[in-house]
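One letter stands for each residue in the lines below.
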Amino acid sequence: MPITLTTAFLNELKKNSNQPNVIIEVALDSGTLKWGYSTGGFTDVLPILKSVSSLQNKLDTESGYSTRGQLTLVITGRDNFKTLIKDNYLKNRRIARKDGFVISGFAYSDYAQTFTGRILDWTRKGDELTITIGDDLAIDAKKKIPVENATKTQYLDYRNMNPVDIMQNILKTQLGISASLVDDTQFDGEQGNWLNGWVFDRVLTKPEEANKYLNELQLETNSFIIHDGEKITYKVFAPPLPGQTIEEWTDAYNLLRESFSIESGYKDNFFNRVVLYYDYDESGNDKPENFETIAIAADAASQGASQWAEIKTKEIKSRWIRTRTFTQPTNITGAVLYHVSVANGAGSGTLTFNYANNTLKWTAPGGAIGAAITLSNDGLYQVYDADQTKYARVIVTKASLPVTNQSDTITLSALNGAAYAAAIAQKILSRYRDPSATVGFDIDINGVAYNSVFIKPTDLKDLTTDEACNKGSNTWSKERMLLTLVRPDYQASKVHVEALQTKMYRRYGFIAPAGYPDYPSASASQKERAFIGNSANKVNGGTEDGYYIW
């Protein structure tokens, strides 16, 4: 859950002047050390902290996923750090950052934990020691999965699974990140709201950094995995939920003078044609021909001479979206399917093992049995139907193969891959068919929290400013923005923010429950739910634009 700030903390934010303090907790095998800019009035805090950077994580919206978070801190006094280094195994020991203020009555419990991570490295120069700390993803997601074995027959089976369940399995089961450090409530909530019923399908065979697989899943679900300073959390790029208020930032009350910058988006945030390749063949290659199906979304008006007079294409290569899934063999022990080509079609195929010849054969649904493949070693094999466009890929462990002839019926059944591919392609096209501007600016430190919770990347804000302009407008009024970077500077009493236009201009809503009045009689809060429009998708007697499905 998000970090909730105490009343004492919020009261200090509202003051025009105060003395910020940072306390670092270092959990060592011998006990916990505490360092601060000052003691803060606490006898167990050593005032040896010189500086602490902001958390360096952000949303890379061009690539479609988040970067990993890390920060650095500097402590002074060679006697302090030489003993620290000599007496302790520092690498991977946990550190927590707590932010607060030096003032009478400000309790330790009023300090807000704004980061937890593990020590990555240290460097020393003169009388200063610089320590680099990474969040759990920055460290653990570099591990390769599946774990390689001596026979190279390792695999992870993620067939017919919801993508959010796959992410959680990678984080907690494959990487071993403690459940206490993963915000399962947020993962589950986003799954239920936006990805309920989605099914991805893949069997992983090649050991790769978990980062790679997590980044693919973020891109293919239009979502972000981030570290909020306390836990690994998750957010789908989607409109606010009914009842969720969005804070408005304005020139008069929030943005600091002369801090605003804007980039057009022409180069990196403009696409009017999206090509999404899917049904990956698991060959290990990355060319368009290694993807068996394609979805294309295009906006002819955006491409035309009266608008942008350019065709700008974004390519996405999906490795998790599938047209069909398949069952695994049970009689042919030692054989595991990791890909069955789309060309096989749906229905029942047959995998056949001949013990005497040590061979496998494949028959596609409604097809004819193909040539035998000799299983000479442990490893990966490809078996074909008589029609060689129809094939299956198999992991074989020789020692586990049957000692008699065996066969298995392999059922190939449909998934909703075409709909998922079309949905992702269309959402990206809608967001970028006109260039999406990115902005950077500073706000007063008072804005670091909203509704008693720290702001963070993935939050939505409405921006009203005369400093911004783009095609069709020389000012912005409640322009909905996605925060991509948030860096508080308590010493300077400001927060640096970067954000991207979301293009969420329509009304999106969940279906209104039974018992609601008709639209004209509904309250403002009830109208945050979707009401059925007329044939032109208008409500209120045709006078207002209606609702849209996200």
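Structure: see above.
These remarks concern the structure in this document. Given the structure is predicted, the values throughout are model-derived calculations rather than measurements.

How each quantity is defined
Residues numbered from 1 in each chain as written. Predicted model: local features only at pLDDT ≥ 70, side-chain atom pairs only at ≥ 80, totals over all residues. Heavy atoms only, no water. Helix = DSSP H or I, 4+ residues; strand = E, 2+ residues; numbered from the N terminus. Buried < 20%, exposed > 50% of the residue type's maximum accessible area, 1.4 Å probe, protein only. Contact = heavy atoms within 4.5 Å. Lys, Arg positive; Asp, Glu negative; His and termini not counted. Charge placed at Lys NZ, Arg CZ, Asp CG, Glu CD. Core = buried A, V, L, I, M, F, W, Y, C linked by side-chain atoms within 4.5 Å. Phe/Tyr/Trp six-rings, centres within 6.5 Å; stacked < 30°, edge-to-face > 60°. Lys NZ or Arg CZ within 6 Å of the ring centre and 35° of its normal. Axes fitted to C-alpha atoms, helices over the stretch in contact; angles between N-to-C directions. Parallel < 35°, antiparallel > 145°, perpendicular 65-115°, else oblique. Left-handed = near helix turned anticlockwise from the far one by under 90°. Nonpolar A, V, L, I, M, F, W, Y, C, P; charged D, E, K, R; others polar. Pairing = 2+ DSSP bridges. Salt bridge = Lys/Arg side-chain N within 4 Å of Asp/Glu carboxyl O. Patch = residues over 30% accessible without salt bridge, like charges linked within 9 Å, V, L, I, M, F, W, Y side chains within 5 Å. Areas by Shrake-Rupley, 256 points an atom, 1.4 Å probe, with all protein chains shown as cover.

## Focus on the overall build of the protein chain
On a plain count of helices and strands, the protein chain comes out with 8 helices and 38 strands. Reported as C-alpha extents along the three principal axes, the dimensions of the protein chain are approximately 85 × 75 × 50 Å. Counting all 550 residues of the protein chain, 50% fall into the buried class. Taking the contacts inside the protein chain whose residues are at least 6 apart along the sequence as the reference set, 66% of them involve residues at least 24 apart. Each charge sign in the protein chain was given a centre, from 58 positive and 63 negative side chains, and these centres are 2 Å apart.

## Considering the nonpolar core
Among the nonpolar cores identified, the biggest contains 48 residues, and Ile-170 and Phe-187 are the most heavily contacted of them. Sort the elements by how many residues they give to this core and helix H8 (residues 417-432) lands first, with 7 residues. With 34 residues, the next largest nonpolar core counts Leu-5, Val-439, Val-448 and Ala-449 among its residues.

## Some points on helix H4 (residues 163-174)
Along H4, the residues classified as buried are Pro-163, Val-164, Ile-166, Met-167, Gln-168, Ile-170 and Leu-171. A positive backbone phi angle near 70° is found at Gly-176, which sits one or two residues after H4.

## Points about the packing of aromatic side chains
One pass over the full model with this rule turns up 23 aromatic pairs. Judged by centre distance (5.3 Å) and plane angle (75°), the ring pair of Phe-106 and Tyr-111 falls under edge-to-face. Its relative accessible area of 6% is what places Phe-106 among the buried residues. Aromatic side chains Tyr-280 and Phe-291 sit 5.0 Å apart centroid to centroid with 35° between the ring planes, which places their arrangement in the tilted category. You can see Tyr-280 sitting in strand E18 (residues 273-280) and its partner Phe-291 sitting in strand E19 (residues 291-298), a full 11 residues away along the chain. For Phe-291, a relative accessible area of 6% gives the class buried. Ring pairs connect the aromatic residues Phe-9, Phe-42, Phe-101, Phe-106, Tyr-108, Tyr-111, Phe-454 and Tyr-490, which therefore count as one cluster. Above the ring of Phe-237, the side-chain terminus of Arg-431 is found at 3.8 Å from the ring centroid. The ring of Tyr-519 has Lys-527 lying over it, and the distance from NZ or CZ to the ring centre is 4.5 Å.

## Details of the packing of H4 against helix H6 (residues 210-221)
Between H4 and H6, the least distance of the axes is 11 Å, while the angle of their chain directions is 160°. Taken together, the axes of H4 and H6 are roughly antiparallel relative to one another. Crossing of H4 over H6 shows left-handed handedness. Mapping the contact onto sequence places Pro-163, Ile-166, Met-167, Ile-170 and Leu-171 in H4 and Ala-210, Tyr-213, Leu-214, Leu-217, Gln-218 and Thr-221 in H6. For the contact of H4 with H6, the class distribution of residues is 9 nonpolar, 2 polar and no charged.

## Things to note about the pairing of strand E12 (residues 200-204)
Judged by how many residues are buried, E12 sits mostly within the fold: 5 of 5 residues are covered. Along E12, one buried face is formed by Phe-200, Arg-202 and Leu-204 and the opposite face, lined by Asp-201 and Val-203, is buried too. Two elements, strand E11 (residues 156-161) and E12, share 4 bridges in a ladder whose sense is antiparallel. From the neighbouring strand, Met-161 faces E12, where its bridge partner is Phe-200.

## Some details on the pattern of salt bridges
Inspection of the entire model under this criterion finds 30 salt bridges. One salt bridge in this structure joins Arg-118 and Asp-136, with 3.0 Å as the shortest N-O distance. With Arg-118 in strand E8 (residues 112-125) and Asp-136 in helix H3 (residues 136-140), this residue pair connects regions lying 18 residues apart in the sequence. On the basis of relative accessibility, which here comes to 13%, the residue Arg-118 falls in the buried class. With relative accessibility at 1%, the residue Asp-136 sits in the buried group. Here Asp-157 makes a salt bridge to Arg-159, at a shortest N to O gap of 2.9 Å. You can call Asp-157 partly exposed: its relative accessible area is 29%.

## Describing a negative patch on the surface
A surface patch of negative charge is lined by Asp-251, Glu-258, Asp-466 and Glu-467. You can see Asp-466 is positioned in the loop between strand E32 (460-465) and strand E33 (476-489). You can call Asp-466 exposed: its relative accessible area is 60%.

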